[in-house]
Amino acid sequence: MPYLVFQKNNIVKLISIYTSSFKGLSEESWMLALVMLINRAGSMVLPFLGVYMTGYLHFSIENSGIILSFFGIGSVLGSWLGGLITDKIGEYRVQSLSLLLSVPLFCLIPLFKTEAGLAAIILIQSIVSETFRPANSVAITKYAKPENITRAFSLNRMAVNLGFSIGPALGGILSAISYEFLFFTNALAALLAGLMYIRFFGKRNKQASLKPKKVKEAVAVRKENSPYRDGKFLLYSFFCMLFSICFFQLFSTLTIFYKDTAHLSQQSIGYILGYSGFLIVLLEMGFVQVAEKYFSLAFTLFIGTVLCGISYAMLAFDYSILTLVVSMTLLCIGEIWTLPFISTITALRSGENNKGAYMGLNGISVALAFIITPYVGTMTADRFGFNMLWIGTGLVAVAIAAGFYFVIPWMLKKREIKS
């Protein structure tokens, strides 16, 4: 009986911690998350793009990796462009245009069957869609209280992952029927998200432009400084790029590994990816609150990066379904303790009038991974085998974790290190 009471108290405590993690978030933060949920629920193209090219269009693994790199090139250009124009015309216009212009581009993708043609349309689509990211990050900081910035980013990511849990699972089913459904569903989701965003934020954007919200200054650089001349932030962004190169194999080589080495069906791949999104939705807000309360920013990114490395390295030794699930679970926890905090640190480092530029530069560092990861990952797997790829990824991740641990306290003031 005492044991049951103890268990009941623990369950109540966990529920209380989880529900309290959502308190204090603004209505705008919730709507930004809802728009993101709708958009990402239709985002089933990227996880299956490698399988689409190798299995349906019969491109080689290496050429598929090169084409996927064009998505990364577009991401870099889109992040730079999005950061630049966000500071000039505002995050509202950038997000609206990005969502609406993505609709026809997604519909055009299945018309391109050659390697050159597919690379070109993916490049254009990526530029347009990725201008959304820095603008969205600025909107999150704009409508969140300073003390809630990390949780606002986490809520947004939770929406991304809830959508990602729906999208790939549905994508696995649709792709078994016709790959064209993937592209048209993505277009429909972008349209719905764009219309909802414009309807809700149109009036609020006008009100906010008349009375700008002051954001608490907690930075170590002067507001007028350019992030491209901020040496400490450039080093930090370099480590973010290296981490992203390791992590974003989730969207390129990992799905190919699942199909060609682990011999999973497209539906099973979709279910595992969907499980990852569901797990992050379930755990992220609570895990973020624990990290904010007990960990420093440096330690949070350290442990998160190490867990991501372990999740990949273990695939070199076994790829039974149990191992695949455990690996994905560790990858999800590692993701929770890295990606939202990367955005928070960027927001802390930026000033009041150059958040778009800082978010854009950090977005570029992440987008560069989309160029490097598919090519290096598929080339390594093709020439040396997946075992070498996964072990190498684990070792590199540990080195990156050490880099984060020392760079973050150096970059931020001492009083900012604790969340």
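As the structure is a computational prediction, the values presented were derived from the model and not from experiment. By convention here, each chain's residues receive numbers from 1 onward along its written sequence. Local features in this predicted model are restricted to residues of pLDDT 70 or higher, and side-chain atom pairs are both shown and tallied only at a pLDDT of 80 or more, whereas totals for entire chains, interfaces and linings draw on every residue. Note that the side-chain values use all heavy atoms of the structure and ignore hydrogens as well as water.

**Quick notes on the nonpolar core**
Inference 1: We call a set of buried Ala, Val, Leu, Ile, Met, Phe, Trp, Tyr and Cys residues a nonpolar core when their side-chain atoms join them within 4.5 Å. Residue burial is assigned from relative accessible area. The probe radius is 1.4 Å, only protein chains are included, and a residue is buried under 20% of its type maximum, exposed over 50%, and partly exposed in between. In this structure, Leu118 and Tyr236 are the most contacted members of the largest nonpolar core, which totals 83 residues.
Inference 2: Elements are defined by DSSP. Helices are runs of H or I of four residues or more, strands are runs of E of two residues or more, and each kind is numbered from the N terminus. The leading source of residues in this core is helix 10 (residues 231–247), at nine residues.
Inference 3: An automatic or database domain assignment supplies the residue ranges for each domain. Summarising the domain contributions, this core has at least three residues from each of domain 1 (27–206) and domain 2 (227–418).
Inference 4: Here, residues are in contact when the closest pair of their heavy atoms is within 4.5 Å. For Tyr236, the residues in contact, after removing those within four places along its chain, are Leu301, Phe341, Ile342, Ile345, Thr346, Asn362, Phe404, Val407, Ile408 and Met411.
Inference 5: Grouped together as the second largest cluster of nonpolar side chains are 28 residues, Tyr92, Ala139, Tyr143 and Leu155 included.

**With respect to the pattern of salt bridges**
If charged atoms from side chains of opposite charge come close, those side chains can pair.
Inference 1: Criterion for a salt bridge: a side-chain nitrogen of Lys or Arg within 4 Å of a carboxyl oxygen of Asp or Glu. Evaluated as defined, the whole model comprises three salt bridges.
Inference 2: The salt bridge partner of Glu130 is Arg133, with a shortest N-O separation of 2.6 Å.
Inference 3: Exposure remark for Arg133: the relative accessible area of 39% places this residue in the partly exposed category.

**So, a nonpolar patch on the surface**
Inference 1: Residues Leu100, Leu188, Leu191, Leu192, Leu195 and Ile198 make up a contiguous nonpolar surface patch of about 480 Å² in total accessible area.
Inference 2: The element contributing the most residues to the nonpolar patch is helix 9 (residues 180–210), with five residues.
Inference 3: Relative to the helices and strands, Leu195 resides in helix 9.
Inference 4: Relative accessible area serves as the criterion here: at 47%, Leu195 is assigned to the partly exposed category. Each patch is assembled from residues with relative accessible area greater than 30% and no salt bridge, linking like charges that lie within 9 Å and nonpolar side chains (Val, Leu, Ile, Met, Phe, Trp, Tyr) that lie within 5 Å. Areas reported as accessible are Shrake-Rupley estimates using a 1.4 Å probe. Residue values count occlusion only from the protein chains shown.

**Some remarks on helix 14 (residues 321–336)**
Inference 1: Expected helix span is taken as 1.5 Å per residue step, with the number of steps being one fewer than the number of residues. Across its 16 residues, helix 14 extends 23 Å between first and last C-alpha, which sits within 8% of the 22 Å expected from 1.5 Å per residue.
Inference 2: Residues of helix 14 that are buried include every one of Thr323, Leu324, Ser327, Met328, Leu331, Cys332, Ile333, Gly334, Glu335 and Ile336, and no others.

**Structural notes on the environment of Leu331**
Inference 1: Here Leu331 is to be found in helix 14.
Inference 2: Residues contacting Leu331, with those up to four places away along its chain left out, are Phe247, Leu250, Cys308, Ser311 and Tyr312.

**With respect to the state of the cysteines**
Inference 1: Disulfides are defined as cysteine sulfur pairs within 2.5 Å. Overall, the coordinates contain zero disulfides when judged by the stated rule.
Inference 2: In this structure Cys308 is a free cysteine whose sulfur lies 8.8 Å from that of Cys246, the closest cysteine sulfur available.
Inference 3: Among the residues examined, Cys308 registers a relative accessible area of 3% and is labelled buried.

**A closer look at the side chain of Thr305**
Inference 1: In this structure, Thr305 sits in helix 13 (residues 297–313).
Inference 2: The exposure class assigned to Thr305 is buried, which follows from its relative accessible area of 0%.
Inference 3: Filtering out sequence-adjacent residues up to four positions away, Thr305 remains in contact with Phe243, Thr338, Ala397, Ile400, Ala401 and Phe404.

**Some words on the packing of helix 10 against helix 16 (residues 355–384)**
Inference 1: All axes here are fitted lines through C-alpha atoms, helices being fitted over the stretch that makes contact, and every angle between N-to-C directions spans 0 to 180 degrees. Running from N to C, helix 10 and helix 16 cross one another at 35 degrees; their axes reach a closest spacing of 8 Å. Here helix 10 and helix 16 pass one another in a crossing that is right-handed. Residues Phe233, Leu234, Tyr236, Ser237, Cys240, Met241, Ser244 and Ile245 of helix 10 pack against Tyr358, Leu361, Asn362, Ser365, Val366, Leu368, Ala369, Ile372 and Thr373 of helix 16.
Inference 2: When residues are grouped by polarity, Ala, Val, Leu, Ile, Met, Phe, Trp, Tyr, Cys and Pro land in nonpolar, Asp, Glu, Lys and Arg in charged, and all others, Gly among them, in polar. The residue inventory of the contact of helix 10 with helix 16, partitioned by class, reads 12 nonpolar, five polar and no charged. Two helices crossing with the near one rotated counterclockwise from the far one by less than a right angle form a left-handed crossing, whereas a clockwise rotation gives a right-handed crossing.

**Topic: the packing of aromatic side chains**
Inference 1: In this scheme Phe, Tyr and Trp rings, the latter by its six-membered ring, pair at centre separations within 6.5 Å, and the angle between planes marks the pair as stacked below 30 degrees, edge-to-face above 60, and tilted otherwise. Under the defined criterion, the tally for this structure stands at 23 aromatic pairs.
Inference 2: Geometrically, the ring pair formed by Phe257 and Trp390 is edge-to-face, given 5.4 Å between the ring centres and 85 degrees between the ring planes. Here Phe257, found in helix 11 (residues 253–260), pairs with Trp390, found in helix 17 (residues 386–411); they are 133 residues apart in sequence, far enough to count as distant. Per residue, the accessibility class of Phe257 equals that of Trp390, and both read buried.
Inference 3: Ring centres 5.7 Å apart and planes at 65 degrees place the aromatic pair Phe302 and Tyr405 in the edge-to-face group. You can see Phe302 sitting in helix 13 and its partner Tyr405 sitting in helix 17, a full 103 residues away along the chain.
Inference 4: Taking the relative accessible area as the measure of exposure, Tyr405 reaches 37% and is therefore partly exposed.

**Observations concerning helix 5 (residues 91–108)**
Inference 1: Spanning 18 residues, helix 5 covers 26 Å between terminal C-alpha atoms, matching the ideal 26 Å at 1.5 Å per step.
Inference 2: Given a residue, its bend is the angle between the two axes fitted to the seven residues that end at it and to the seven that start from it. Of all the bends found along helix 5, the most pronounced is centred on Ser102 and spans about 30 degrees, while Pro104, a proline, follows it within four residues.
Inference 3: Considered for burial, the residues of helix 5 that qualify are Glu91, Tyr92, Val94, Gln95, Ser96, Ser98, Leu99, Ser102, Val103, Leu105 and Phe106.

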